[in-house]
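# Observations on chain architecture
In case you want the letters, here they are:
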Amino acid sequence: MTARTFDFAPVLSAGLPPPAAKWTGAPSFNFTGGNNDPDRVPIDGLLAAADAVLRREGRTLATYGLASGPQGYRALREFLATKLKRDAGISCAFDDILIVSGSLQALDLVNGVLLTRGDTVIIEQDTYQGALTRLARLRVNAVGIPLDRDGMRMDALAAELATLQRRNIRPKYIYTIPTVQNPTSTIMPEHRRLDLIRLSEEYGVPIFEDDCYADLTWEGRRPPALYAMSETGGVIHIGSFSKSIAPALRVGYVVARWEVLSRMLALKTDAGSGALEQMVLAEFCAPHFGEHVPKLRSALRGKVEALMEALDEQFGTAAEFTDPQGGIFLWVKLPDSVDILRLYRVALEAGVAINPGPEWSTNVAHSRSRMRLCFASPSKDEIRRGVALLAEVCRTEFGVPARIANVERRAKA
Ligand SMILES: Cc1ncc(COP(=O)(O)O)c(C=O)c1O
């Protein structure tokens, strides 16, 4: 008798997203995702931290939530309270912080607490794909506000809030990545942050501040967090160790008033985020975060310089971009004739992975020739070779750039 394969299709839940694609291995040149620099993971420091903390406190692993309760490992929250005060001007107690499984879980929890199908939220026009896909899945209307070199434009935000009010629509939040925005890498200056807070208060719309790149400004300085500047407490602040230490650890955090945090905690039904990661991070970060991050920043700065040089050399004036103010991404505009979604497909076949603009924007027309390049994980050599290959593929497909490395070539007929 031959066994038939069980068919799960009839029992699947209604309304599931499309199935995930099977991972087929990393491309040769990977400019996608929010990955970090493999050479800057502080391996020795993490090893020593793991050894020390496990010997001292390993017995607490026998208890869900360690000996710290459901909000996360207390020493990590204490480190964060000190760090957020020093770097972002945030005055909070360790008990105002909830540790989560990467800031993606924070996005889910904030959305879970605030959003219902049919709601409207305001976001930056070009923004984090993970935020956009979640909103689409929740059937929430995401209204994009254009950005300039200082981040979200306040004239456009004011106009949109007024329009929505006239239509009796009160958005549920204004989502912003004000400090090293993804994908544009802009930093919103303090005066604009004040305008944003004023508008949020005038219209009664809370701010959802996603600050996961805030440690990666080139100068190591940043404006105060919106959370710190708000006098009414109408800001929810989230952050992450993914960009400052390593994304695979999956450790992020939320800072919010108990009124909101208690609601999130009630939705966080996973019995706590991974404890070992929290313990190792706390043990490593308390003494070493301050010396680790500048080394990471300068490695990233070196890589973005290599990327900008490679783009200049290979694409010439066909690739437009602004020198980013920090972070791990370059947001690049190619000529209008380049359909970036097509470039994405052919480049991937050739072994170069890019993030196509339309997946990172609410505005299809604006983003159809734009791409986001992550420069943190490839080596400088891979950056150079990857950009050369991308230019070759782009020229073959679109006749752009007409000249590569100052050598004129014929475009595909
Ligand atoms: C703006 C933004 N928010 C949140 C995340 C999620 O990060 P993680 O879940 O690794 O903390 C990312 C990741 O790239 C991001 O770019």
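Here the structure is a predicted model, which means the values were calculated and not measured.

Attention shifts here to the pattern of salt bridges. A full pass over the atoms with the stated rule returns 23 salt bridges. If you follow the salt bridges from partner to partner, you end up with Lys 83, Arg 86, Asp 87 and Asp 215 in one network.

Considering every residue of the protein, the mean pLDDT works out to 95; 97% of them sit at 70 or more. Confidence drops under pLDDT 50 across residues 409-413; counting only partners more than four residues distant or on other chains, this segment forms 10 contacts.

Moving on, we get to the pairing of strand S11 (residues 329-333). Here S11 lies mainly inside the structure; five of its five residues are buried. Going residue by residue along S11, you find Phe 329, Trp 331 and Lys 333 tucked away on one face and Leu 330 and Val 332 tucked away on the opposite face as well. Sheet analysis places S11 next to strand S14 (residues 370-374), joined by five bridges and oriented antiparallel. Residue pairing for S14: Trp 331 is matched across the bridge by Arg 372.

As a further point, take the packing of helix H1 (residues 43-57) against helix H9 (residues 275-315). Describing two packed helices takes the angle between their axes plus the distance from one axis to the other. Across the interface, H1 lies against H9 with an axial gap of 8 Å and an inter-helix angle of 110 degrees. Overall, the two elements H1 and H9 adopt an arrangement that is roughly perpendicular. Of the two possible hands of crossing, H1 and H9 adopt the one that is right-handed. The residues of H9 that touch H1, namely those facing Gly 45, Leu 46, Ala 49, Ala 50, Ala 52, Val 53, Leu 54, Arg 56 and Glu 57, are Leu 276, Met 279, Val 280, Glu 283 and Phe 284. Of the residues contributing to the contact of H1 with H9, the split by class is 10 nonpolar, one polar and three charged.

Now for helix H12 (residues 380-398). The end-to-end C-alpha separation of H12 is 26 Å, in line with the 27 Å expected for 19 residues at 1.5 Å each. Regarding H12, the residues found buried are Ile 383, Gly 386, Val 387, Leu 390, Ala 391, Val 393, Cys 394, Arg 395 and Phe 398. Two residues or fewer past H12, Gly 399 is found with a positive phi of approximately 70 degrees.

Right, let's get into the side chain of Ser 273. Summarising the element assignment, Ser 273 is placed in the loop between helix H8 (258-267) and H9. Not counting residues within four places of it along the chain, the set of residues in contact with Ser 273 comprises Ile 99, Val 100, Ser 101, Gln 105, Lys 268 and Gln 278.

Around the ligand, 14 residues are found, and the nearest of them are Ser 103, Asp 210, Tyr 213, Ser 240 and Ser 242. A distance of 2.7 Å separates an oxygen atom of the ligand from a polar atom in the backbone of Ser 103. In the model, a nitrogen atom of the ligand is placed 2.6 Å from a nitrogen or oxygen of the Asp 210 side chain. Burial of the ligand by the surrounding chains reaches 95%, relative to a free accessible area of 400 Å². At three residues, the largest contribution of residues to the shell around the ligand is made by helix H3 (residues 102-114). Considering only residue class, the shell around the ligand consists of six nonpolar, five polar and three charged.

Scoring rules and cut-offs
Throughout this description, residue numbers start from 1 for each chain and increase along the sequence as written. Selection of residues for local features in this predicted model requires a pLDDT of at least 70, selection of side-chain atom pairs for listing and counting requires 80 or more, and totals for whole chains, interfaces and linings are taken over all residues. Hydrogens and water molecules were not included; the side-chain quantities draw on all heavy atoms of the structure. Salt bridges are defined as contacts in which a side-chain nitrogen from Lys or Arg sits within 4 Å of a carboxyl oxygen from Asp or Glu. The predictor rates its confidence in each residue with pLDDT, a number between 0 and 100. Whether two residues are in contact is decided by their heavy atoms, any of which lying within 4.5 Å being enough. Per-residue accessibility, obtained with a 1.4 Å probe over protein chains only, is compared with the maximum for each type, and a residue is labelled buried under 20%, exposed over 50%, and partly exposed between these values. Numbering of helices and strands runs from the N terminus, with a helix taken as a DSSP run of H or I at least four residues long and a strand as a DSSP run of E at least two residues long. Note on pairing: DSSP must find at least two bridges between two strands before they are called paired. Axis geometry follows a simple rule: fit a line to the C-alpha atoms, using only the stretch in contact for helices, then measure angles between N-to-C directions, giving values from 0 to 180 degrees. Working definition: roughly parallel below 35 degrees, roughly antiparallel above 145 degrees, roughly perpendicular at 65 to 115 degrees, and oblique for all remaining angles. It is the rotation of the near helix from the far one that decides the hand of a crossing: anticlockwise by less than a right angle makes it left-handed, clockwise makes it right-handed. Residues are grouped as follows: Ala, Val, Leu, Ile, Met, Phe, Trp, Tyr, Cys and Pro are nonpolar; Asp, Glu, Lys and Arg are charged; all remaining types, including Gly, are polar. Any helix carries an expected span of 1.5 Å times its number of residues minus one. The rule for a residue being near a molecule or strand is that one of its heavy atoms must lie within 4 Å of it. Polar contacts here mean pairs of N or O atoms no more than 3.5 Å apart (in protein, one a potential hydrogen donor and the other a potential acceptor; neighbouring residues in sequence count only if both atoms are side-chain atoms). For accessible areas, the Shrake-Rupley method is used with a probe of radius 1.4 Å. Any residue's cover is judged against the shown protein chains and nothing else.

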